[in-house]
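Chain by chain, the residues run as shown.
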Amino acid sequence: MKCRDLDGILVVSVEQAVAAPYLSSRLAEAGARVIKIERPEGDFARGYDQLVKGESAYFVWLNRGKESVCLDLRDEATRKTLSAMIARADVFIQNLAPGAIDRLGFAPEELRARHPRLITVSISGYGEDGPYSDLKAYDLLVQGESGLSAITGTPDGMARVGVSICDITAGMTAHQAVLQALFARERSGEGRHIAVSLFHAIADWMNVPYLQFVHGGKEPVRNGLNHPTIAPYGAYEGGDGRPVLFAIQNEREWAQFCAGVLFQPELATDPRFETNSRRVANRPQLDALIAATFAPLTRDDIVARLEAARIAYGRISSIGDLSSHPQNRYVDVATPSGPVRMLGPGALHDGAALQPGPVPALGEHTQAVLAEFAPGRD
């Protein structure tokens, strides 16, 4: 499905890496025209790897449907061209190092004073004020600084979340805010400035452990593949060593699990396990009972019991398993090195996935865009 919901919206983005490109890629998929401003040597995400037919996996994922324009913003004439683009833009995005866009002469407050309908978006590590506002930040650094690393991993050690979750969260947060601002502008005629930071975006997602600690005095611990406050909810394996995750969400499911999976219905009213809080407090004894029941079973045997008892479960898939998962949706994307099939976006629109545009070669649109936006041209 080719989406034109944002047809006529012009987005100019001085962007690199992940967070800002995530935002602009979603606007491009919705039909906006996105002009991606790259330094002459290119967005450094182009060089993260060469594993997708010579292209970077990150770059292919996050830059579909954009126009690539290479500009050296240290040059005064080039800055005039960028000014001409911004004058016609609906949205201006930037995620340069703290203070860099201001030094180049494109401070958001000054842009909005000249262009009241403009929506400006700045994505940073720690926000525009506060003692950390001048710090550069990357995803893993913010995973640590935000407390996410402290609750991720096993009792033996912390672990990085396996994708760039702080970058992605910031991009998602910015996307929501831009759509809200575009809607509000339809009513007010006024743009606004949107400031999103990696730290604050992921800190919002940290509210459950924060509230549990500040108001309940509960210090979160790392539980590996077990839920910290619900039991049983985690990974268990049978005699073949192949783990399966399952979740008990309420007392009705607990009774179904005891009767239909453990074949021990009396455990449902055992004083040690009759409420979730007691199951969490007595998790070692509970896990031992489950392990003893599962020991002679294969994963397929366990899954069959879980399905029969209507208990939610999920197998632990390798990336190889994911690559051939029967539930996958795919989209085909044109790249400078040839077509690439990739996992489709999460949302369907009237039953269809949005079809992404091509990934641009470095500077592919530079000459055409420079001619279009030559200073002084209407």
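What comes next is a walk through the structure.

**Remarks on the packing of aromatic side chains**
Applying the stated criterion to the full structure yields 10 aromatic pairs. Ring centres of Tyr22 and Trp61 lie 5.9 Å apart, and the angle between their planes is 75°; this geometry places the pair in the edge-to-face category. Here Tyr22 is found in helix α1 (residues 19–29), whereas its partner Trp61 is found in helix α2 (residues 57–62), with 39 residues between them in sequence. Centre to centre, the rings of Trp254 and Phe257 are 6.1 Å apart; their planes meet at 25°, and the pair counts as stacked. Taken as a pair, Trp254 and Phe257 lie in helix α10 (residues 251–260) at a separation of 3 residues, close to a single helical turn. For Phe257, a relative accessible area of 0% translates into the label buried. Grouping aromatic residues by their ring pairs yields a cluster made of Tyr236, Phe246, Trp254, Phe257, Phe273 and Phe294. Above the plane of the ring of Tyr22 lies Arg26, whose end atom (NZ or CZ) is 4.3 Å from the centre.

**Describing α1**
With 11 of 11 residues buried, α1 lies mostly within the body of the structure. For α1, every residue scored as buried is listed here: Ala19, Ala20, Pro21, Tyr22, Leu23, Ser24, Ser25, Arg26, Leu27, Ala28 and Glu29. Two residues or fewer after α1 comes Gly31, characterised by a positive phi angle close to 105°.

**Describing the side chain of Glu15**
Residue position: Glu15 is located in the loop between β1 (10–14) and α1. Relative accessible area serves as the criterion here: at 3%, Glu15 is assigned to the buried category. A distance of 2.6 Å separates polar atoms of two side chains, one belonging to Glu15 and the other to Ser13. Polar side-chain contacts of Glu15 include one of 2.7 Å to the side chain of Ser24. Each residue touching Glu15, except ones within four places of it in the same chain, is listed here: Ala20, Pro21, Ser24, Lys36, Ile37, Asp43, Asn63, Lys66 and Asn95.

**Description of the environment of Thr293**
Along the chain, Thr293 turns up in helix α12 (residues 283–294). Each C-alpha atom, one on Thr293 and one on Leu104, is 66 Å from the other, the two residues being 189 residues apart in sequence. Excluding anything up to four places from it in sequence, Thr293 contacts Val261, Leu262, Gln264 and Arg305.

**Observations regarding unusual backbone geometry**
The linkage connecting Ala231 with the following residue, Pro232, adopts the cis geometry, with an omega of -10°. Here the phi dihedral of Ala17 falls at roughly 65°; this positive angle occurs in a residue that is not glycine. For Ala17, the location among the structural elements is in the loop between β1 and α1. Of note in the backbone geometry, Lys53 takes a positive phi value of approximately 55° without being a glycine. Mapped onto the elements, Lys53 comes out in the loop between β2 (33–38) and α2.

**A word on a negative patch on the surface**
Residues Asp102, Glu109, Glu110, Glu128 and Asp129 make up a contiguous surface patch of negative charge. Structurally, Glu110 can be placed in helix α5 (residues 108–114). The exposure class assigned to Glu110 is partly exposed, which follows from its relative accessible area of 41%.

**Points about the sheet that holds β1**
Taken together, 6 strands build an open sheet; the order of strands is β3-β2-β1-β4-β5-β8 and the sheet is parallel. The sheet is open, and its two edges are formed by β3 (67–70) and β8 (193–197), each paired on a single side. In this sheet, adjacent strand axes meet at a mean angle of 20° when their direction is disregarded. Two strands pair when backbone bridges link them, and β1 and strand β4 (residues 91–94) are joined in this way by 4 bridges, in the parallel orientation. Bridge assignment links Val11 to a residue of β4, and that residue is Val91. In the packing of helix α3 (residues 76–88) onto the sheet, contacts are made with β1, β2, β3 and β4, and the angle to β1 comes to roughly 140°.

**Considering the packing of helix α7 (residues 165–188) against helix α8 (residues 198–205)**
The contact between α7 and α8 brings their axes to 8 Å, and the two run at 90°. Judged by the inter-axis angle, α7 sits roughly perpendicular to α8. Where α7 abuts α8, its residues Ile165, Cys166, Asp167, Thr169, Ala170 and Thr173 lie against Leu198, Ala201, Ile202 and Trp205. Partitioning the contact of α7 with α8 into residue classes produces 7 nonpolar, 2 polar and 1 charged.

**Overview of α12**
Because an α-helix packs 3.6 residues into every turn, residues spaced three or four apart end up facing the same way. Between its first and last C-alpha, α12 extends 16 Å over 12 residues, near the 16 Å set by a 1.5 Å rise per residue. Among the residues of α12, those classed as buried are Arg283, Leu286, Ile290, Thr293 and Phe294. When α12 is viewed along its axis, its buried side chains cluster within an angular range of 95° and face the same direction. The exposed set on the far side of α12, more than 90 degrees from its buried face, consists of Pro284 and Ala292. Residues of α12 that are buried sit in contact with β9 (233–237), β10 (243–247), α10, α11 (276–281) and α13 (299–308).

**A closer look at the nonpolar core**
Of all hydrophobic cores here, the largest spans 34 residues; its most connected members are Val121 and Ile123. Among the secondary structure elements, those contributing two or more residues to this core are α1, β4, β5 (119–124), α7, β8 and α8. The dominant element in this core, judged by the number of residues it contributes, is α7, at 7 residues. Apart from residues no more than four positions distant in its own chain, Val121 is found in contact with Leu23, Val91, Phe92, Ile93, Gln94, Ala174, Val178, His193 and Ile194.

Basis of the calculations
- Residues numbered from 1 in each chain as written.
- Predicted model: local features only at pLDDT ≥ 70, side-chain atom pairs only at ≥ 80, totals over all residues.
- Heavy atoms only, no water.
- Phe/Tyr/Trp six-rings, centres within 6.5 Å; stacked < 30°, edge-to-face > 60°.
- Helix = DSSP H or I, 4+ residues; strand = E, 2+ residues; numbered from the N terminus.
- Buried < 20%, exposed > 50% of the residue type's maximum accessible area, 1.4 Å probe, protein only.
- Lys NZ or Arg CZ within 6 Å of the ring centre and 35° of its normal.
- Polar contact = N/O pair within 3.5 Å; in protein donor to acceptor, adjacent residues only side chain to side chain.
- Contact = heavy atoms within 4.5 Å.
- Patch = residues over 30% accessible without salt bridge, like charges linked within 9 Å, V, L, I, M, F, W, Y side chains within 5 Å.
- Areas by Shrake-Rupley, 256 points an atom, 1.4 Å probe, with all protein chains shown as cover.
- Salt bridge = Lys/Arg side-chain N within 4 Å of Asp/Glu carboxyl O.
- Lys, Arg positive; Asp, Glu negative; His and termini not counted.
- Charge placed at Lys NZ, Arg CZ, Asp CG, Glu CD.
- Pairing = 2+ DSSP bridges.
- Axes fitted to C-alpha atoms, helices over the stretch in contact; angles between N-to-C directions.
- Parallel < 35°, antiparallel > 145°, perpendicular 65-115°, else oblique.
- Nonpolar A, V, L, I, M, F, W, Y, C, P; charged D, E, K, R; others polar.
- Expected span 1.5 Å × (residues − 1).
- Arc of directions from axis to C-beta.
- Core = buried A, V, L, I, M, F, W, Y, C linked by side-chain atoms within 4.5 Å.

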